[in-house]
Amino acid sequence: MLTIIENAQNSGRKYLNEIESKQLLKEAGVSTSDTRLATSRAEAIALARDIGFPVVLKIVSQDIVHKSDIGGVKLGLGNAAAVGKAYDEIMGVTKAKQPSSKIDGASVQNMAKPGVEVIIGMSKDPQFGPVLMFGIGGILVELLKDVSFRVVPITQRDARDMIKEIKSFPLLEGYRGSEPANIKALEDILLKISAFVAKTPEIKEMDINPIFARWDNAIAVDARIILE
Ligand code: ADP
Ligand code: MG
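**Student:** Requested: an account of the pattern of salt bridges, with residues and values cited.
**Tutor:** Applying the stated rule across the entire model yields 17 salt bridges. Note that E18 is salt-bridged to K58, the shortest N-O span being 3.0 Å. A residue pair is termed long-range when its members are at least 10 positions apart, and E18 in helix 2 (residues 18-27) and K58 in strand 3 (residues 55-61) qualify at 40 residues. Of the two residues, E18 and K58, neither departs from the other in class, the shared state being buried.

**Student:** Could you give an account of the nonpolar core, with specific residues and numbers?
**Tutor:** F134, L172 and M206 are the most contacted members of the largest nonpolar core, which has 42 residues in total. For this core, the element with the highest residue contribution is helix 8 (residues 183-199), accounting for eight residues. Apart from residues lying up to four places away in sequence, L172 is in contact with V116, V118, F134, I163, I166, P180, A181, I183, L186 and A213. One finds A38, L47, V83 and I90 within the second-largest nonpolar core, a separate group that totals 20 residues.

**Student:** An account of the coordination of the magnesium ion (ligand 2) is requested, with residue identities and associated values reported.
**Tutor:** Four donors placed tetrahedrally around a metal ideally meet at 109.5 degrees, and six donors placed octahedrally ideally meet at 90 or 180 degrees. Distances from the magnesium ion (ligand 2) to its protein donors, N209 (O) and D222 (OD), fall at 2.2 Å. Taken as a pair, N209 in strand 9 (residues 203-213) and D222 in the loop between strand 10 (218-220) and strand 11 (223-227) lie far apart in primary sequence, 13 residues in all. Both residues of the pair, N209 and D222, belong to the buried class.

**Student:** So what's going on with the environment of L75? Residues and values would help.
**Tutor:** Within the secondary structure, L75 sits in strand 4 (residues 73-77). Not counting residues up to four positions away in its chain, the partners in contact with L75 are V55, V56 and M111.

**Student:** Which residues make up the site of ligand 1, and what values go with them?
**Tutor:** Taken together, 19 residues lie around ligand 1, and K58, K67, S68, A112 and E117 are the ones closest in. Between ligand 1 and the protein, one listed contact pairs an oxygen atom with a side-chain N or O atom of S68 at 2.4 Å. Within the backbone of N110, an N or O atom sits 3.0 Å from a nitrogen atom of ligand 1. Protein chains shield 87% of the accessible area of ligand 1, which is 550 Å² for the free molecule. Mapping ligand 1 onto the cavity grids shows that it belongs to the largest pocket. With three residues, strand 9 is the largest single contributor of residues to the shell around ligand 1. Classifying every residue of the shell around ligand 1 gives nine nonpolar, six polar and four charged. Two domains each provide a minimum of three residues to the shell around ligand 1, namely domain 1 (10-14 + 114-227) and domain 2 (34-110).

**Student:** Please set out the sheet that holds strand 5 (residues 103-110) residue by residue, giving values where relevant.
**Tutor:** Ordered in space as 2-5-3-4, the four strands form an open sheet in which the pairing is antiparallel. The two strands at the open ends of the sheet, each matched to only one other strand, are strand 2 (35-38) and strand 4. With direction set aside, neighbouring strand axes in the sheet form an average angle of 25 degrees. Two elements, strand 3 and strand 4, share three bridges in a ladder whose sense is antiparallel. Across the sheet, L57 pairs through a bridge with K74, a residue of strand 4.

About the criteria used
Residues numbered from 1 in each chain as written. Chains lettered and ligands numbered in written order. Predicted model: local features only at pLDDT ≥ 70, side-chain atom pairs only at ≥ 80, totals over all residues. Heavy atoms only, no water. Salt bridge = Lys/Arg side-chain N within 4 Å of Asp/Glu carboxyl O. Helix = DSSP H or I, 4+ residues; strand = E, 2+ residues; numbered from the N terminus. Buried < 20%, exposed > 50% of the residue type's maximum accessible area, 1.4 Å probe, protein only. Core = buried A, V, L, I, M, F, W, Y, C linked by side-chain atoms within 4.5 Å. Contact = heavy atoms within 4.5 Å. Donors = N, O, S within 2.8 Å, 3.2 Å for Na, K, Ca; no water. Near = heavy atom within 4 Å. Polar contact = N/O pair within 3.5 Å; in protein donor to acceptor, adjacent residues only side chain to side chain. Areas by Shrake-Rupley, 256 points an atom, 1.4 Å probe, with all protein chains shown as cover. 1 Å grid on protein atoms, 1.4 Å probe; cavity = no way out; pocket = protein on both sides within 12 Å on 5 of 7 lines; lining within 4 Å. Sits in = over half its atoms within 2 Å of the grid points. Nonpolar A, V, L, I, M, F, W, Y, C, P; charged D, E, K, R; others polar. Domains from an automatic or database assignment. Pairing = 2+ DSSP bridges. Axes fitted to C-alpha atoms, helices over the stretch in contact; angles between N-to-C directions.

Listed below in structure tokens is the structure:
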């Protein structure tokens, strides 16, 4: 796990890309979509075949924080032709809209089954140190600002309270006949992230958005980690 952080530090990078960030999450015990880096169109197609269709392609660049805003996320790609086309489009749109950005490639990942989109974040407070955030994620984060906070390390009770405190909690309980989310799985992720950041002071900020919260599991499909 530390090799990912050390590699970045040795090359003077503060931003871990989506693939590196998800690798760290996996080592912290958090489930993520199966995500690999392609540096060519042909490699993207080969990785998609290996992962299994449908897949998702996303731009991987430290200079692009909101990938979907520039058209850098392509969902539900069902075959090799669609993957090839998406690869070219993602590269084209990035070069057109942010010509100076340094591109690592494209991430290829399995299309996760939908769930309620939640966010877990970590930032450091000058006084309290690492603070965890939980809330409704995806594109609604900024609109709803429906989040809760706790100082690390958190207890199981804190994890449960963080989840129940948000105004949109009924969404997670199964609003008007929709499937309820697995609250225990979300508590578990919060506890694992808390333990992970407590023992990894090199991490300055973490943004896992979204996590798909489902009745059967909770899976991180996007992640971004910034080092000190
Ligand atoms: P952004 O940089 O814009 O935050 P994301 O990686 O979060 O990009 O992708 C944008 C949206 O695409 C997510 O909020 C989610 O709804 C959907 N998405 C991303 N990855 C996957 C995936 N592996 N499976 C299914 N949906 C995904
Ligand atoms: Mg995101």
